[in-house]
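So the chains spell out like this:
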Amino acid sequence: MSRSIGLSPEIVEYVRRANRAEHPALARCRTETDAMGDVSRMQISPEQGAFLQMCARLVSARTAVEVGVFTGYSALATILAMRDMHGEAARLIGCDISEDYTGKARSYWDEAGVTDQIELRIGDARETLAGLVDARGGTVDMIFIDADKTGYDAYYEAALSLVRRGGLILFDNVLWGGSVADPDRVRVDADTAALAALAETLRADARVDIAFTGLGDGILMALKR
Ligand SMILES: C[S@@+](CC[C@H](N)C(=O)[O-])C[C@H]1O[C@@H](n2cnc3c(N)ncnc32)[C@H](O)[C@@H]1O
């Protein structure tokens, strides 16, 4: 799982204990994904999961979209909060390019009894989102973007069309390990450059209100006006 930048292990541990315990299916997803090795860093942390759940509650999300499902942790955290509010009417559409990673998600979603409430769409999210905009433009309550960083700009425009007024768009990894604050990295690294450009775009975009937070590896929030 990912780690919060700049927090000592003791403080991370304190934050984890201060939050409520994860659903057992979330805990199993985290443990088994950790066992996958280095790639497990792609998974959000438990406190980011709690944060996503709070965001879903704050916008009373009934329909959500996620770009970047991996082994299913963030999707499961989100749908659990949504189901708590809206029961069977809660729906999450998950977009990912990998059958392999997302294939692992199913057992955690099954354990939590939410598989029927998550629709997984495999393919490049640029195309998946374009199709969703046609079918569901202006109806989505919350979108979590956590996939290829050079795609964030395109995902942002699609997300803006997808969410309703007052809907929330969240981008993960906007600090990119801190490299966005290093002009040399911004110059030479495409992912860093894309994330720095996104932050500038949103800062100037009158269509949204924003909050750039330092939670985890940075979460940028944009609320559609
Ligand atoms: C950082 S991980 C997502 C982590 C997940 N949110 C979690 O908390 O476990 C990024 C995911 O984006 C997917 N991905 C990468 N490029 C993509 C693209 N062009 N379209 C859709 N998904 C993509 C990868 O397969 C990977 O599963």
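Rules used in this analysis
Residues numbered from 1 in each chain as written. Predicted model: local features only at pLDDT ≥ 70, side-chain atom pairs only at ≥ 80, totals over all residues. Heavy atoms only, no water. Helix = DSSP H or I, 4+ residues; strand = E, 2+ residues; numbered from the N terminus. Buried < 20%, exposed > 50% of the residue type's maximum accessible area, 1.4 Å probe, protein only. Contact = heavy atoms within 4.5 Å. Near = heavy atom within 4 Å. Polar contact = N/O pair within 3.5 Å; in protein donor to acceptor, adjacent residues only side chain to side chain. Nonpolar A, V, L, I, M, F, W, Y, C, P; charged D, E, K, R; others polar. Salt bridge = Lys/Arg side-chain N within 4 Å of Asp/Glu carboxyl O. Expected span 1.5 Å × (residues − 1).

Caption draft 1: The environment of Gln-53, seen in detail. Inspection of the secondary structure assignment puts Gln-53 in helix 3 (residues 46-58). Residue classification places Gln-53 among the partly exposed positions, given a relative accessible area of 22%. When the C-alpha atoms of Gln-53 and Ser-74 are compared, they prove to be 9.1 Å apart, with 21 residues separating the residues in sequence. Setting aside anything within four residues of it in sequence, one finds Gln-53 in contact with Leu-26, Ala-77, Leu-80 and Ala-81.

Caption draft 2: The site of the ligand, seen in detail. Contacts to the ligand come from 20 residues, most closely from Gly-68, Ser-74, Asp-96, Ala-125 and Asp-146. Take Asp-124: an N or O atom from its side chain is 3.4 Å from a nitrogen atom of the ligand. When its residues are assigned to classes, the shell around the ligand shows 10 nonpolar, 5 polar and 5 charged.

Caption draft 3: Summary view of the side chain of Asp-146. Within the secondary structure, Asp-146 sits in the loop between strand 4 (140-145) and helix 7 (152-162). Beyond its immediate chain neighbours, meaning those up to four positions away, Asp-146 contacts Met-42, Ile-44, Val-67, Gly-68, Tyr-152, Asp-172 and Asn-173.

Caption draft 4: Looking closely at the pattern of salt bridges. The tally for this structure, following the rule as stated, stands at 17 salt bridges. Asp-148 is paired through a salt bridge with Arg-126; the nearest N and O atoms lie 2.9 Å apart. Separated by 22 residues along the polypeptide, Asp-148 in the loop between strand 4 and helix 7 and Arg-126 in helix 6 (residues 125-136) bring together distant segments of the chain. What makes Asp-148 partly exposed here is its relative accessible area of 32%. Taking relative accessible area as the criterion, Arg-126 reaches 35% and is therefore assigned partly exposed. Residue Asp-141 is joined to Arg-164 by a salt bridge in which the shortest nitrogen-to-oxygen separation is 2.6 Å. On the criterion of sequence distance, the pair formed by Asp-141 in strand 4 and Arg-164 in strand 5 (residues 163-172) is long-range, its members being 23 residues apart. Classification of Asp-141 by relative accessible area gives buried; the value is 9%. Members of the salt-bridge network, linked through shared partners, are Arg-28, Glu-32 and Glu-111.

Caption draft 5: Up close: helix 3. Here helix 3 spans 18 Å end to end across 13 residues, near enough to the 18 Å set by a 1.5 Å rise per residue. Of all the residues in helix 3, the buried ones are Pro-46, Glu-47, Gln-48, Gly-49, Leu-52, Cys-55 and Ala-56. Packing partners of the buried residues in helix 3 comprise helix 1 (9-18), helix 2 (24-34), helix 4 (73-86), strand 4, strand 5 and strand 7 (219-224).

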